[in-house]
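Read off the chains here:
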Amino acid sequence: MHPPPSLPAHLLDSLAPRRSASDALICGRFAPSPTGSLHLGNLQTALASFLQVRRRQGIWRLRIDDLDTPRTKPGAIKAIQEDLCWLGLEWDGPVILQSQHRGWYYSWLSWLRREGLLFPCRCSRRDLAGLARYPGTCRQGDRGWGWQQGRLPSWRLRVPNHDPYGSGDVVLRRADGFVAYQLATVLDDLRCGITDVVRGEDLREAEAAQRSVFAVLQAPAPTFHYAPLVMDAQGEKLSKRDQSTGLKALIDQGCDALDVIGQLAFGLGLVPHGTRCSVQELLDR
Ligand code: GLU
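Fair warning: this is a prediction, and the values are worked out from it, not measured in the lab. (Residues numbered from 1 in each chain as written. Predicted model: local features only at pLDDT ≥ 70, side-chain atom pairs only at ≥ 80, totals over all residues. Heavy atoms only, no water.)

In terms of regular secondary structure, the protein is built from 11 helices and 8 strands. Since a compact globule built from 285 residues should have a radius of gyration of about 19 Å, the 20 Å found for the protein is in line with a globular shape. Dimensions of the protein, computed from the C-alpha atoms along their principal axes, are close to 60 × 45 × 30 Å. When contacts within the protein are restricted to residue pairs at least 6 apart in sequence, those whose partners lie at least 24 apart make up 72%. (Helix = DSSP H or I, 4+ residues; strand = E, 2+ residues; numbered from the N terminus. Rg over C-alpha atoms; globule rule 2.2 N^0.38 Å. Contact = heavy atoms within 4.5 Å.)

Bringing the sheet that holds strand β6 (residues 171-173) into the picture now. Think of a sheet as strands paired side by side through backbone hydrogen bonds, with each pair either parallel or antiparallel. The antiparallel open sheet is built from 3 strands, whose spatial order is β4-β5-β6. At either margin of the open sheet sits one strand with a lone partner, and together these are β4 (118-121) and β6. Geometrically, the sheet is characterised by an average inter-axis angle of 45 degrees between neighbouring strands, direction not taken into account. Bridging between β4 and strand β5 (residues 154-157) involves 4 bridges; their strand directions are antiparallel. Residue phenylalanine 119 lies in a different strand from β5, and its bridge partner there is arginine 156. (Pairing = 2+ DSSP bridges. Axes fitted to C-alpha atoms, helices over the stretch in contact; angles between N-to-C directions.)

On to the state of the cysteines. The term disulfide refers to a covalent linkage connecting the sulfur atoms of a pair of cysteines. The tally for this structure, following the rule as stated, stands at 0 disulfides. Here cysteine 123 stays free of any disulfide, with the sulfur of cysteine 138 as its closest cysteine sulfur at 3.7 Å. With a relative accessible area of 17%, cysteine 123 lands in the buried category. (Disulfide = S-S within 2.5 Å. Buried < 20%, exposed > 50% of the residue type's maximum accessible area, 1.4 Å probe, protein only.)

All right, on to the packing of helix α2 (residues 40-54) against helix α10 (residues 257-267) then. Contact geometry of α2 with α10 gives a least axis separation of 9 Å together with a crossing angle of 80 degrees. As judged from the angle between their axes, α2 and α10 are roughly perpendicular. Contacts from Leu40, Leu43, Gln44 and Leu47 of α2 reach α10 at Ile261, Gln263, Leu264, Ala265 and Gly267. Grouping the constituent residues of the contact of α2 with α10 by class yields 6 nonpolar, 3 polar and no charged. (Parallel < 35°, antiparallel > 145°, perpendicular 65-115°, else oblique. Nonpolar A, V, L, I, M, F, W, Y, C, P; charged D, E, K, R; others polar.)

Neighbouring the ligand are the residues Arg29, Ala31, Pro32, Ser33, Asp65, Tyr181, Thr185, Arg199 and Leu203. Arginine 29 is positioned with one of its side-chain polar atoms (N or O) 2.6 Å from an oxygen atom of the ligand. Within the side chain of aspartate 65, an N or O atom sits 2.6 Å from a nitrogen atom of the ligand. Calculation on the ligand without its partners gives an accessible area of 300 Å², and the protein chains cover 82% of this total. (Near = heavy atom within 4 Å. Polar contact = N/O pair within 3.5 Å; in protein donor to acceptor, adjacent residues only side chain to side chain. Areas by Shrake-Rupley, 256 points an atom, 1.4 Å probe, with all protein chains shown as cover.)

Ranked by size, the top nonpolar core spans 36 residues in total, and within it Trp108, Trp111, Leu112, Leu157, Leu172, Leu183 and Leu217 carry the most contacts. With 6 residues, the top contributor of residues to this core is helix α4 (residues 102-114). Setting aside residues no more than four positions away along its own chain, leucine 112 makes contact with Leu117, Leu118, Leu172, Leu183 and Val216. Counting residues in each nonpolar core, the second largest holds 32 residues, with Leu62, Ile64, Trp91 and Cys277 among its members. (Core = buried A, V, L, I, M, F, W, Y, C linked by side-chain atoms within 4.5 Å.)

On to the sheet that holds strand β1 (residues 27-30), then. In spatial order, the strands read β3-β2-β1-β7-β8; together these 5 strands make up an open sheet with parallel pairing. Looking at which strands have only one partner, the edges of the open sheet turn out to be β3 (96-97) and β8 (223-227). Of the strand pairs in this sheet, β1 and strand β2 (residues 59-64) are connected by 4 bridges, and their pairing is parallel. In the sheet register, cysteine 27 faces β2, and the bridge partner there is isoleucine 59. Most of the contacts of helix α8 (residues 206-216) go to β8, to which it runs at about 165 degrees, and overall it touches β7 (196-200) and β8.

Here we come to the pairing of β7. Counting buried residues in β7 gives 5 out of 5 residues, a clear majority hidden from the surface. Alignment of β1 against β7, held across 2 bridges, turns out to be parallel. Looking at β7, one finds that glycine 28 is bridged to aspartate 196. Both β7 and β8 contribute to a ladder of 5 bridges, which runs parallel. Along β8, the bridge assignment pairs valine 198 with histidine 225. For the segment spanning β7, α8 and β8, crossover handedness is right-handed. (Right-handed = clockwise from strand over helix to strand, strands pointing away.)

Set out below in structure tokens:
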């Protein structure tokens, strides 16, 4: 087994100071991707995350996951902020835009690569379809179909076989050159000193990969919690592309902020059906 790599001092300085057990500062975040307007499921997650930290006098940050620029929808970043403010979900500090930290993520990627912790992988999604976990095809170099076809590689973290999280080798740099969500989110959670992550149930599967990344950075992972998904009448997960499931549709039906917060809190099992309440009332309960 190799000894753990020593982390680069110049990059470590940009992370939040490591917490001691006596330092009780709680910090949560809501991290939507600006691919459309927030739907009720996103808003329910935002409320869950907000209440979870504010109840303990914690800090609540708003981070916009806008690294995947082609998927960013014009106006979405502003609309997200307006919707949260309308509901009374006010965040601390400036809005964090991942797109403003690209250089910093790439510095970490370079360091990981120099340490020999990454390897190029030319497998396509199709090559890996149906597999629960990456089987290590490109770990030893020139293997698999993709190499013969000269595909551009993604870069995977070499996760030790005895890794307790069972994530397999996580993609940290996508084949299109973008920093992968799994790396950016872990680095941001560390930089901002996030102690508590509340996100939608659909992201539960990402946890193992992120825990493997925290482990390679020798940093403690936050506590992860998952909010229930909101389904449409067909039993499908809501989508940001569908305008009918956002705040605007509810406002058009005559709902005010108290109705909407009541509805979201009902979805979280906090109040009976039909309750009208403010965020403050939920905090005071
Ligand atoms: N940006 C991700 C999404 O909207 C969520 C990231 C996270 O909470 O870890 O699905």
